[in-house]
Amino acid sequence: MPSNVHVSAAYSHTEARAFPFSVHIALFKHLHQVPKSYPDVKLLPMEYQYIHIDRYGSNIATQAAKYRDLRLAALQQSPTSFSSTYETESRFSLDTWIARLSEPSKETFVVAARSTGEWVAQVTVLGPITTSIYDLPEESGQPPALPDEEEEKWQMLGLYTLPEHRGHGIAKKICQEAFNYLEVQEGQPKKVRVRIMVKRQNVAPLKMYESMGFKSAGLCTLAEALIANGDSDMIPEGELPEAFTSRGGVVMTLELDKK
Ligand SMILES: CC(C)(COP(=O)(O)OP(=O)(O)OC[C@H]1O[C@@H](n2cnc3c(N)ncnc32)[C@H](O)[C@@H]1OP(=O)(O)O)[C@@H](O)C(=O)NCCC(=O)NCCS
């Protein structure tokens, strides 16, 4: 077990006093065997490193390869969670992945396991997006955006945690890293709105976003989600099949204030 793993026991002081010290030690030593659903013990986030990708970094090609591997794992393991597909993205060259990470409008955050260096989670925020791109047709129910001088708008996408690292608060923390980045940006406007689009059947992520403060703001189509996520080239030409035009996605937004 890595020496930098810390244990947080979530039981009350009264319960804590009821356990002899040896039990605490045993818990610590066997922490890695504790099932994820164990209610009283949590890993603190020290064993994970949160990284904001530097698009100008000299190691961008290495990072792009790691990013690609994690993204393809996400598309393979959770095909119903994303608007894109493994079939499409597995064809991308390394240059395409480098270009994706280097786009000036995208800020990408990843989480690395300190013990192995493996990348285990990622999320991207895309923006600022203009009101004309942000707005959806009236039938979506999404309220019209405020003018760009009054509110900065960002789209959040691609949130994923590898299954074996889930339940440790990584998704919430990596989203918080992205929000912190947006909050410390200088300049006007001070108001920031972050939007996500989630397939309606993905109940657990919807609840998770709600617990982070996101509020429902309408329903979107797959075509709208692809455009919003910067993947409009994945929309087929010609008349679109129903899968692209039915309002099967939930739009949620979160308001932030720059510091
Ligand atoms: C959704 C996902 C990113 C959560 O990752 P994670 O690192 O395990 O999330 P966290 O540990 O930060 O959990 C955040 C909260 O969501 C809850 N949660 C997350 N996934 C859950 C699930 N599948 N079932 C029930 N609750 C879940 C957690 O209990 C936690 O709630 P709490 O703070 O009240 O305890 C991860 O399950 C995943 O990658 N899923 C597949 C891809 C996906 O759905 N991405 C979102 C696309 S919109």
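Let me begin by describing the structure that accompanies this report. Fair warning: this is a prediction, and the values are worked out from it, not measured in the lab.

A separate point is the overall build of the protein. A tally of regular secondary structure across the protein gives ten helices and nine strands. Within the protein, residue pairs in contact and separated by at least 24 positions form 76% of the contacts whose partners lie at least 6 positions apart.

The next point concerns the nonpolar core. If you look at the biggest cluster of nonpolar residues, it comprises 50 residues, and the most contacted ones within it are V111, A121, W154, M156, I174, A178 and M252. When near neighbours in sequence (up to four residues on either side) are disregarded, M156 contacts V123, V125, A178, V194, R195 and I196.

What follows deals with the site of the ligand. The environment of the ligand is made up of 18 residues, and the closest members are T161, R166, A171, A204 and M208. Among the secondary structure elements, those contributing two or more residues to the shell around the ligand are β6 (151-161), α7 (170-184) and α8 (203-211). Among the elements that take part in the shell around the ligand, α8 stands out by supplying four residues, more than any other. When grouped by side-chain class, the residues that make up the shell around the ligand number eight nonpolar, eight polar and two charged.

In this structure, L219 sits in strand β8 (residues 215-220). Considered as a pair, L219 and G248 are 29 residues apart in the sequence and their alpha carbons are 6.8 Å apart. If we skip the residues at most four places from it in the chain, L219 touches S140, G141, R247, G249, V250 and V251.

Moving on, we come to the sheet that holds β6. Sheet architecture is open: seven strands sit in the order β3-β4-β5-β6-β7-β9-β8, paired in mixed fashion. Each having just a single partner strand, β3 (48-52) and β8 make up the two edges of the open sheet. Here the average twist between neighbouring strands, direction ignored, is 25 degrees. One ladder, built from five bridges, connects β8 with strand β9 (residues 249-257); its direction is antiparallel.

Put simply, side chains in a regular strand alternate between the two faces of the sheet. Pairing geometry for β3 and strand β4 (residues 106-113), over five bridges, is antiparallel. Bridging across to β4, Y50 finds its partner in V111. Bridge count between β4 and strand β5 (residues 119-126): seven bridges; the pairing is antiparallel. Bridge pairing in β5 links E107 to V125. In this structure, the hairpin formed by β4 and β5 is closed by a connection of five residues, where G117 is found at a positive phi of approximately 80 degrees.

Our next topic: α7. Along its 15 residues, α7 runs 21 Å from first to last C-alpha, staying within 8% of the 21 Å computed at 1.5 Å per residue. If you check which residues of α7 are buried, you get I170, A171, I174, C175, A178 and L182. One face of α7 carries all of its buried residues, which in axial projection span an arc of 135 degrees.

The rules behind each value
Residues numbered from 1 in each chain as written. Predicted model: local features only at pLDDT ≥ 70, side-chain atom pairs only at ≥ 80, totals over all residues. Helix = DSSP H or I, 4+ residues; strand = E, 2+ residues; numbered from the N terminus. Contact = placed C-beta atoms within 7 Å. Core = buried A, V, L, I, M, F, W, Y, C linked by C-beta atoms within 7 Å. Buried ≥ 20, exposed ≤ 12 C-beta atoms within 10 Å, placed from the backbone. Near = placed C-beta within 6 Å. Nonpolar A, V, L, I, M, F, W, Y, C, P; charged D, E, K, R; others polar. Pairing = 2+ DSSP bridges. Axes fitted to C-alpha atoms, helices over the stretch in contact; angles between N-to-C directions. Expected span 1.5 Å × (residues − 1). Arc of directions from axis to C-beta.

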